[in-house]
Amino acid sequence: MFAATFLTLLTAAPVTLAHEGHGEEPPPPANAAPRAIAHSDIFDLVGVLGPDARLWLYLDRYASAEPIDNAEITATLDGQSVPVTRSAEATYVVSHPLLGQAGPRNLIFTITAGSDVDLLPFEIEVPAVAAAAAAAPGWRETAMRAAVEPVIWAAGLALLLLGVLVGRVAAPRNLPPLVAADTVSLKPRAEPALETPHKAAAGGVPVRAAAAPMALILALVALPVLAQPLDQPRRQPDGSVFVPKPTQRLLGVRATIVDRADAPVSLQLVGQVIADPNASGRVQAPQAGRVESPEGGFPALGSRVDRGQTLAYVVPVLGAQERSGVQATLAELDSQIGIAQQRTQRLAGLAGSVSTREIAEARAELDGLRARRAAVAEGLNGRLAVQATASGFISVAAAVGGQIVDARELLFEIVEPTRLWVEAVAYDGGMVADIAGARATTSAGLTLDLAFIGRGLALRQQAVPLQFRIVNASPGLSVGTPVTVTVQTNRRAAGIVLPGEAVIRSAEGPPIVFEMTTAERFVPRPVRVQPLDGRNVLVIAGLDAGKRVVTEAASLIAQIR
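In this text, all values refer to a predicted model and were calculated from it rather than measured experimentally. (Residues numbered from 1 in each chain as written. Predicted model: local features only at pLDDT ≥ 70, side-chain atom pairs only at ≥ 80, totals over all residues. Heavy atoms only, no water.)

Draft legend 1. Structural view of the overall build of the chain. Secondary structure assignment for the chain yields 10 helices and 32 strands. A burial count over the chain gives 38% of its 561 residues as buried. Within the chain, contacts between residues separated by at least 24 positions form 68% of all contacts whose residues are at least 6 apart in sequence. Summed over all atoms, the accessible surface of the chain reaches about 30,300 Å², with 56% contributed by carbon and sulfur. (Helix = DSSP H or I, 4+ residues; strand = E, 2+ residues; numbered from the N terminus. Buried < 20%, exposed > 50% of the residue type's maximum accessible area, 1.4 Å probe, protein only. Contact = heavy atoms within 4.5 Å. Areas by Shrake-Rupley, 256 points an atom, 1.4 Å probe, with all protein chains shown as cover.)

Draft legend 2. Seen up close, the sheet that holds strand E18 (residues 384-387). Strand order in this open sheet of 4 strands is E18-E17-E15-E20, and the pairing throughout is antiparallel. In this open sheet, the two strands that pair with only one neighbour each are E18 and strand E20 (404-405). Summarising the sheet, strand E15 (residues 289-292) and strand E17 (residues 310-316) pair through 4 bridges and their orientation is antiparallel. Directly across from Glu292, in E17, lies its bridge partner Tyr313. (Pairing = 2+ DSSP bridges.)

Draft legend 3. Layout of the environment of Val422. For Val422, the position within the fold is in strand E22 (residues 420-426). The spacing of Val422 and Arg469 is 47 residues in sequence and 6.2 Å in space, taken between C-alpha atoms. With near-sequence residues (within four places) excluded, Val422 lies in contact with Gln272, Val273, Ile274, Leu450, Leu466, Gln467, Phe468, Ile470, Val483 and Val485.

Draft legend 4. Layout of unusual backbone geometry. Even without glycine at this site, Ala53 takes up a positive phi of about 60°. Structurally, Ala53 can be placed in the loop between strand E2 (43-49) and strand E3 (54-61). You can call Ala53 buried: its relative accessible area is 14%. Phi is positive for Ala553, close to 75°, though the residue is something other than glycine.

Draft legend 5. Spatial organisation of the packing of aromatic side chains. Inspection of every chain in the model, using the stated rule, returns 2 aromatic pairs. Residue placement shows Arg383 over the ring face of Tyr313; its charged tip is 3.8 Å from the ring centre. In this arrangement the basic side chain of Arg548 is found over the ring face of Tyr62, its NZ or CZ atom lying 4.1 Å from the centre. (Phe/Tyr/Trp six-rings, centres within 6.5 Å; stacked < 30°, edge-to-face > 60°. Lys NZ or Arg CZ within 6 Å of the ring centre and 35° of its normal.)

Draft legend 6. Structural view of the pairing of strand E28 (residues 511-518). Buried residues dominate E28, accounting for 6 of its 8 residues. Two elements, strand E27 (residues 504-505) and E28, share 2 bridges in a ladder whose sense is antiparallel. The residue bridging Arg505 from the neighbouring strand is Pro511, located in E28. Remark: 5 residues form the turn of the hairpin made by E27 and E28, two consecutive strands paired antiparallel; Gly509 in that turn has positive phi of roughly 125°. Pairing of E28 with strand E29 (residues 521-526), which is carried by 6 bridges, proceeds in the antiparallel orientation.

Draft legend 7. Seen up close, the confidence of the model for the chain. Across the chain, the average pLDDT comes to 80, with 78% of residues at or above 70. Contacts for the low-pLDDT stretch residues 1-26, under 50 throughout, to residues beyond four places or in other chains number 46 contacts. Scored below 50 in pLDDT, residues 138-143 makes 9 contacts in the model with residues more than four places away or belonging to other chains. (pLDDT = per-residue confidence, 0-100.)

Draft legend 8. Region of interest: the sheet that holds E3. Strand order in the open sheet made by the 5 strands is E1-E2-E3-E7-E6, with antiparallel pairing throughout. Strand pairing shows two members of the sheet lacking a second neighbour, strand E1 (35-39) and strand E6 (84-88), which therefore form its edges. Between one strand axis and the next, the sheet turns by 25° as a mean value, whatever way the strands run. When E3 meets strand E7 (residues 91-95), the two strands line up antiparallel, connected through 5 bridges. Pairing of Tyr58 across the sheet is with Thr91, part of E7. (Axes fitted to C-alpha atoms, helices over the stretch in contact; angles between N-to-C directions.)

Quick look at the structure:
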């Protein structure tokens with residue numbers, strides 16, 4: 001453990017101390033590594049001088065701040081041709097002894113990325129401190145180059161031997177045999193489990209000893225990474241934010257060059273998702289009674305049903321007084337049926353002397369009494385089928401076996417998820433008199449395209465109801481989801497169109513955007529905006545055309561302190 005800790009501190013120390021005193025020019029912080037920036041209409045190139053006198057290059061698209069990988073770069077340094085190698089994605093390195101000598105250094109880069117070719121002049125000032133560090137490296141820089149110098153191998157070997165010695169000394173020993181008071185000697189207990197954590201599986205090499213070479217190997221592997229300059233992002237005294245290029249790659253910063261345009265005037269309304277009344281339905285109890293399940297059970301939430309499908313049964317439940325009245329009616333009908341049956345049989349026996357018309361009337365009367373009794377008995381002991389009123393999916397299932405319900409009580413709701421509407425309210429009817437288009441946005445950021453259906457002619461709570469049809473309903477969208485409806489009118493206004501995520505709320509309250517004044521400097525600009533279409537906003541004040549504005553990761557830049 002001692003060896004691992006020592007080597008870790010030895011190799012990590014230059015990361016925090018290597019850049020002290022380097023670079024005094026704004027806008028980068030005073031303690032940032034020496035750097036220079038060159039750009040054209042196509043490319044944005046940032047060069048950072050590392051502690052090992054190597055120039056690290058970060059190549060991006062100027063307009064979008066998008067990293068450019070696998071570009072062909074050739075360079076001349078003070079008239080001498082120097083090699084440029086790719087180190088990582090969109091990161092390149094220039095190595096030359098002149099970069100370790102104090103003074104200004106002029107470079108010219110020829111960059112080829114696909115069909116784009118450009119020539120960028122570049123000037124960087126090598127400080128005297130950095131040159132001295134490169135010419136006469138101290139013990140920290142020596143450790144950074146330990147992979148090629150014999151002294152680090154000697155130190156590693158000494159640490160290895162020290163680890164072996166410490167492991168041997170700290171290895172567990174068996175305790176001496178314990179002797180009981182009655183002189184009965186006990187055998188010493190061998191506990192190999194105690195030795196297992198300290199011994200290797202093969203050979204019995206202490207793990208403490210193995211920690212030293214492991215730390216040495218890790219340190220040697222990490223040296224090329226630690227050689228890259230690692231500046232910290234920070235907020236400047238003037239309010240701007242310094243974000244080094246490596247940090248921008250991690251945050252995913254993107255930008256765009258803005259321009260003024262005419263866009264339709266929009267306003268935002270509060271609404272919610274509702275079911276299409278032409279493709280949905282409510283299933284209610286036709287009368288008071290007890291609910292029973294059909295064969296196969298009640299349909300579950302989310303299950304599909306078809307129009308006319310039996311979803312449940314309702315068995316009528318009568319009070320004592322109602323039941324006694326029905327039973328009296330049944331008894332009276334039974335008596336009438338008996339009399340009619342006897343009359344029909346008597347007339348049928350006199351078929352020769354009685355007209356067929358009288359016999360047919362008697363039989364019809366008997367059949368009518370029997371049908372009447374069956375209807376009354378069905379109301380007493382029968383059950384009514386509750387059927388689906390539309391085809392779709394069950395969104396509400398309130399039926400429970402044995403439940404006593406009243407007439408018109410809701411048992412099921414059926415919704416077709418591919419056919420949903422949005423209902424919104426507008427408190428100023430004149431603003432929505434001429435609707436050109438609309439979009440809805442959920443709290444989760446889901447955007448829905450809407451088609452205007454119509455507006456109500458009667459106020460609802462002093463507001464005009466508006467209904468829209470969702471053009472392409474997203475899977476998983478639920479009825480009742482609150483949404484913000486952005487309504488576009490036919491009126492137009494001049495401004496700058498930006499994505500909604502480019503505008504964030506500042507700590508003071510007003511909305512701001514970040515202008516990318518240089519490759520690594522971001523300046524907050526207070527703006528005045530209005531909604532546009534649910535995805536974009538219209539900046540009507542506070543920003544000029546031609547500026548480079550951050551469109552992605554603006555909220556992350558705002559959190560840098």
